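Residues per chain are reported as follows:
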Amino acid sequence: PFAPEVFGLEIAPEDVLVAPELAAASGLTQVVIGLVDAPLAKTAGENAKIKGSALSAAQSRAYLRSLNARQTTLMSQVSALGGVEIARLGKALNAVVVEIDASQLGAVAALQNVASIRPVVNYELDLSETVPYIGAAVAQANGVDGAGVRVAVLDSGIDYTHFNLGGSGLVADFTNNDPTVIEPNSFPTGKVIGGYDFVGELWPNGPLMPDPDPLDKGIGAGHGTHVADIIAGKSLDGTHKGVAPGASLYGVGVCSKVSSSCSGTALLQGMEFALDPNMDGNLADAVDVINMSLGSSYGQREDDLSFASANAVKFGVVVVVSAGNSGDKPYIVGSPSSTPEVISVAQTQVPSAKLYNIVAGTATVIGSWQAWSAAPS
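Residues numbered from 1 in each chain as written. Predicted model: local features only at pLDDT ≥ 70, side-chain atom pairs only at ≥ 80, totals over all residues. Heavy atoms only, no water.

### Some details on the overall build of the chain
Inference 1: Helices and strands together make up the secondary structure of the chain, namely 9 helices and 16 strands.
Inference 2: Taken over 377 residues, the chain has a buried fraction of 48%.
Inference 3: Restricting to contacts in the chain with at least 6 residues of sequence separation, those with at least 24 account for 73%.
Inference 4: Total accessible area on the chain stands at roughly 17,100 Å², and carbon and sulfur atoms take up 57% of it. (Helix = DSSP H or I, 4+ residues; strand = E, 2+ residues; numbered from the N terminus. Buried < 20%, exposed > 50% of the residue type's maximum accessible area, 1.4 Å probe, protein only. Contact = heavy atoms within 4.5 Å. Areas by Shrake-Rupley, 256 points an atom, 1.4 Å probe, with all protein chains shown as cover.)

### What to know about the side chain of Asn164
Inference 1: By the element assignment, Asn164 lies in the loop between β7 (150-155) and α6 (171-175).
Inference 2: A polar contact of 3.4 Å, which involves the side chain of Asn164, links it to the side chain of His240.
Inference 3: Excluding anything up to four places from it in sequence, Asn164 contacts Asp229, Gly233, Lys234, Ser235 and His240. (Polar contact = N/O pair within 3.5 Å; in protein donor to acceptor, adjacent residues only side chain to side chain.)

### Observations concerning the environment of Lys314
Inference 1: Tracing the backbone through its elements, the reader meets Lys314 in helix α9 (residues 304-315).
Inference 2: Taking C-alpha positions, Lys314 is 8.0 Å from Ala48, a pair spaced 266 residues apart along the chain.
Inference 3: Setting aside residues up to four positions removed in sequence, Lys314 forms contacts with Lys42, Gly45, Glu46, Asn47, Ala48 and Glu341.

### Notes on the state of the cysteines
Inference 1: Taken as a whole, this structure holds 1 disulfide when the rule is applied.
Inference 2: Each sulfur in the disulfide pair Cys255 and Cys262 lies 2.2 Å from the other. In this structure, the disulfide formed by Cys255 and Cys262 twists by about 95 degrees around the S-S bond and is classed as right-handed. Here Cys255 and Cys262 have matching classes, each one buried. (Disulfide = S-S within 2.5 Å.)

### Looking at helix α3 (residues 57-80)
Inference 1: Its 24 residues give α3 an end-to-end C-alpha distance of 35 Å, which sits within 8% of 34 Å, the value for a rise of 1.5 Å per residue.
Inference 2: Turning to α3, its buried residues number three or more, namely Ser60, Tyr63, Leu64, Leu67, Gln71, Leu74, Met75 and Val78.
Inference 3: Looking at the packing, one finds that the buried side of α3 touches β2 (28-35), α1 (40-43), β3 (84-89), β4 (95-101) and β5 (114-119). (Expected span 1.5 Å × (residues − 1).)

### Things to note about the pairing of β7
Inference 1: The buried fraction of β7 amounts to 6 of the 6 residues, a majority that puts the element mostly inside the structure.
Inference 2: Burial along β7 is two-sided: the face carrying Arg150, Ala152 and Leu154 and the face carrying Val151, Val153 and Asp155 are both buried.
Inference 3: Note: β7 against strand β11 (residues 289-292), 3 bridges, orientation parallel. Bridge assignment links Val153 to a residue of β11, and that residue is Asn291. (Pairing = 2+ DSSP bridges.)

### As for the sheet that holds strand β6 (residues 123-125)
Inference 1: The strand order across the open sheet built from 3 strands is β10-β6-β12, with neighbouring strands paired in antiparallel fashion. Only two strands of the sheet have a single neighbouring strand rather than two, namely β10 (261-262) and β12 (294-295).
Inference 2: Two strands pair when backbone bridges link them, and β6 and β10 are joined in this way by 2 bridges, in the antiparallel orientation. Of the residues in β10, the one forming a bridge with Tyr123 is Cys262.

### Looking at the packing of aromatic side chains
Two numbers describe a pair of aromatic rings. These are the distance of the centres and the angle of the planes.
Inference 1: For the structure on display, the rule yields 4 aromatic pairs.
Inference 2: Ring geometry for Tyr196 against Phe198: centres 4.9 Å apart, planes inclined by 45 degrees, an arrangement best described as tilted.
Inference 3: For Phe198, a relative accessible area of 7% puts it in the buried group.
Inference 4: Ring centres of Tyr250 and Phe273 lie 6.2 Å apart, and the angle between their planes is 70 degrees; this geometry places the pair in the edge-to-face category. Note that Tyr250 is positioned in strand β9 (residues 248-253) and Phe273 in helix α8 (residues 264-275), a separation of 23 residues in sequence. For the pair Tyr250 and Phe273, one class covers both residues: buried.
Inference 5: Here the aromatic cluster, defined as three or more aromatic residues joined through ring pairs, consists of Tyr196, Phe198, Tyr250 and Phe273.
Inference 6: A cation over an aromatic ring shows up here: Lys217 above the ring of Phe174, its NZ or CZ 5.1 Å from the ring centre. (Phe/Tyr/Trp six-rings, centres within 6.5 Å; stacked < 30°, edge-to-face > 60°. Lys NZ or Arg CZ within 6 Å of the ring centre and 35° of its normal.)

The quantities given are spatial measurements derived from coordinates; they are silent on function.
Pasting the structure below:
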């Protein structure tokens, strides 16, 4: 099988890595088609964010144009097979996301420059507590508060009208805010300095409808705001502080406004944005940290968000991912946290948390019993 670490080689059709879970696919299927050339983050060199890129700004843009040209050639062939383009990637991953009938995947694998075909994987939101218990207050007392650090929060967006996140805190400024456009003087704020919504307001009950406003607003909203506040929130009076109150945030909308689902396509686009927030084709403005409090249970490293995360880390960006919310079962850790290069964060139970013993009949079960565990006996 094609090794993801090898790029720039001619790949024989029989060596194209087609994900085994696609063997049973039928009908219209969304897939990520990986191309053989390295993405820009990998071409820039190991730890390029810290050491400096091997490519100048002009060379970076030229390289992206060359990737785009090959993607255009590929898409003309995929379109002839009935495929419809959803997204293009070139910075964290060199790939195109398409929807195509599963019966055509073999023909796609036979096309020149194709290295891999994998399904689009969607993810679920994760979240837990909190700030003082993990030692953040001690770090802050010693003058370490995240000042100068820029964090991309790939989530449901951020409520930048919130007073902990640089906004006015006025309810009217939130309720009257159209989440598809940026109202004058509302965004960015001193805390949330940039962002983009790659999902829109309808997905998964409708198509992805990206817009420039990363406001966290909707039935399922609040998760990204909560995560952002834990990372870097700070009240105007200084009585409330997140882990790194001096840090700046980018709100990157990749998760649904109407459910807990996160779009696999939007996540890949969000990774691209985090490596190039001004989207000028030069990675010099890549963020310092990417946070994803989300995952896909029983996740493997062999998925495209995992590869994109690994490439971002090798470029020099710290990527932090939730290990998952799922139960007391072995190996249930989610991807992309299962990627060796990222920092995978499991739950830290705070002292205020309560677990109760269960009384079954007349006998007290010593320990705790949750709904996802075997019944006590």
